[in-house]
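Chain and residue survey
Given next are the chains, with one letter for each unit.
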Amino acid sequence: DKKHKTFKIAFRRILTKMGKVDAGTIAAPFREEVRSKVAELKKKGIMAPLLVGILANNDPAARKYAEWTGRACQNDGIRYDLRVVDDPIDVEATLLDANDDPRVHGIIVYYPIFGQVESFSGSSQDDYLRDTVSLRCDVEGLCHTYRSNLYRNIRYVDPPRNEHKCLIPCTALSVVKILEACDGCYDAALPVGRKLEGKIVTIINRSEIVGRPLAAMLANDGATVYSVDIDSVYRFEGGRLHKCDDGDSPEACVRRSSIVITGVPVKSYQLNADWVRPHSTVVNVSSFKNVDEEALLAVPGVNYVPMVGKVTVAMLERNLLRLFENYHHPDSNPYRGNGGGAAPSAKAPWYESTLQRDNSCLDMITKLEGRIQILRSDETTSAETVSKRIKVMQDKIDKYYDQM
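Residues numbered from 1 in each chain as written. Predicted model: local features only at pLDDT ≥ 70, side-chain atom pairs only at ≥ 80, totals over all residues. Heavy atoms only, no water.

Attention now moves to the pairing of strand E8 (residues 240-243). For strand E7 (residues 233-237) and E8, the ladder comprises four bridges, and the chain directions are antiparallel. Bridging from a neighbouring strand, Arg235 pairs with His242 of E8. As consecutive antiparallel partners, E7 and E8 are separated by two residues, and within that stretch Gly238 has a phi angle of approximately 60°, a positive value. (Pairing = 2+ DSSP bridges. Helix = DSSP H or I, 4+ residues; strand = E, 2+ residues; numbered from the N terminus.)

Attention now moves to the packing of helix H4 (residues 91-99) against helix H5 (residues 125-132). Put simply, H4 and H5 touch, their axes get as near as 10 Å, and they point 10° apart. The angle between H4 and H5 falls in the class roughly parallel. Contact residues: Val91, Glu92, Leu95, Leu96 and Asn99 in H4; Tyr128, Leu129 and Thr132 in H5. For the contact of H4 with H5, the class distribution of residues is five nonpolar, two polar and one charged. (Axes fitted to C-alpha atoms, helices over the stretch in contact; angles between N-to-C directions. Parallel < 35°, antiparallel > 145°, perpendicular 65-115°, else oblique. Contact = heavy atoms within 4.5 Å. Nonpolar A, V, L, I, M, F, W, Y, C, P; charged D, E, K, R; others polar.)

The mixed open sheet is built from eight strands, whose spatial order is E1-E11-E10-E9-E5-E6-E7-E8. Lying at the two open borders of the sheet, with one neighbouring strand each, are strand E1 (19-20) and E8. Relative to the sheet, helix H8 (residues 211-220) contacts strand E5 (200-204), strand E6 (224-228), E7 and strand E9 (259-262), its axis offset from that of E5 by approximately 175°.

Once that is clear, we can look at the nonpolar core. Counting residues in each nonpolar core, the largest one holds 62 residues, and the members touching the most others are Leu218 and Ile261. Of the residues forming this core, the biggest block, nine residues, is contributed by helix H11 (residues 309-328). Residues Val254, Val260, Ala273 and Val291 belong to the second largest nonpolar core, which totals 19 residues. (Core = buried A, V, L, I, M, F, W, Y, C linked by side-chain atoms within 4.5 Å. Buried < 20%, exposed > 50% of the residue type's maximum accessible area, 1.4 Å probe, protein only.)

Between two packed helices, the angle of one axis relative to the other and the distance separating the axes together describe the packing. Where helix H2 (residues 23-43) meets helix H3 (residues 60-76), the closest approach of the two axes is 9 Å, and the angle between their N-to-C directions is 50°. With respect to their mutual orientation, H2 and H3 come out oblique. For the pair formed by H2 and H3, the contact residues are Arg31, Val34, Arg35 and Val38 on the first element and Ala72, Asn75 and Asp76 on the second. Class assignment of the residues belonging to the contact of H2 with H3 gives a composition of three nonpolar, one polar and three charged.

Right, dumping it as structure tokens:
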């Protein structure tokens, strides 16, 4: 069909050209698919999905990502609302409001906000925020449910029916789509779970946003993956994680690999191009150039992708549409409301009974009551702020009881 022809044309452009690869070429067919699906919704009288972005930092990369997201959504017919939060302490309240708003279909939080500063909520407040995003709105695929399913290679959120696929972290997914488009990486002739069989991959990053999920995804596709961090190297192989010995240095790992992904978020880091094998593929995920481009392109037959942002935004939009289809479409779940679109259908496969709906409400009530207990014991926040946030949560609890 037309969509598959578009994919083939885009892939052929890449496969016939070694050297520097334009990520925009890879993103194009996915963006076209998004526009087509949004147009179909509008023909049925259903409003386009609404994506809410939450920005609470001055990080240039985060702000640039927010700008790219807004422009892409506007061009592709998706509604986008950027909510700028002046005080990071208010991010959680903003996030919870978006979680519970039936008009919101997807949420993206632009990290870092707190970075790795320890908090009462866990090892990192940013990690806590990632797990606070509802799985029904988590367009980044970074909440606990999606992450744990990825690491266990569980591909659906509704077993045993298996109608709703899990979301994949969009930056990691963008790298997979790039590798699928580059010659010599994925073998389409092999079955699912083995398409990277025999390949060795090195990922120089182990963050929860990119490195860890990407390592799991590529290992799930059959590759042997070396995960390199500042002080350790791990190997994903055969469904298991192994701690490497001192002989597996970053240099040794890169020299063995036909695929290298760099994602070091500092300007000073540079991958030594002399380590890169001929005819390999190098993908830079960092907002900084992690390798000397001129030296790398001198390596015979190398494929180099200097930026992944355009593909990441395309995957973000793709994830948003999957969330909409799974949880928000009028024909899927009338309990979330129709966001101003067509009237809900009587068909509601997500909730098979009133009991399931009530259990979902009780689960959210329990979580909110737990947060209230934490707030009441918080000595670092003013009593006035704590009181206001507890009042907001108690109002939400009353709304959930009204739904039951």
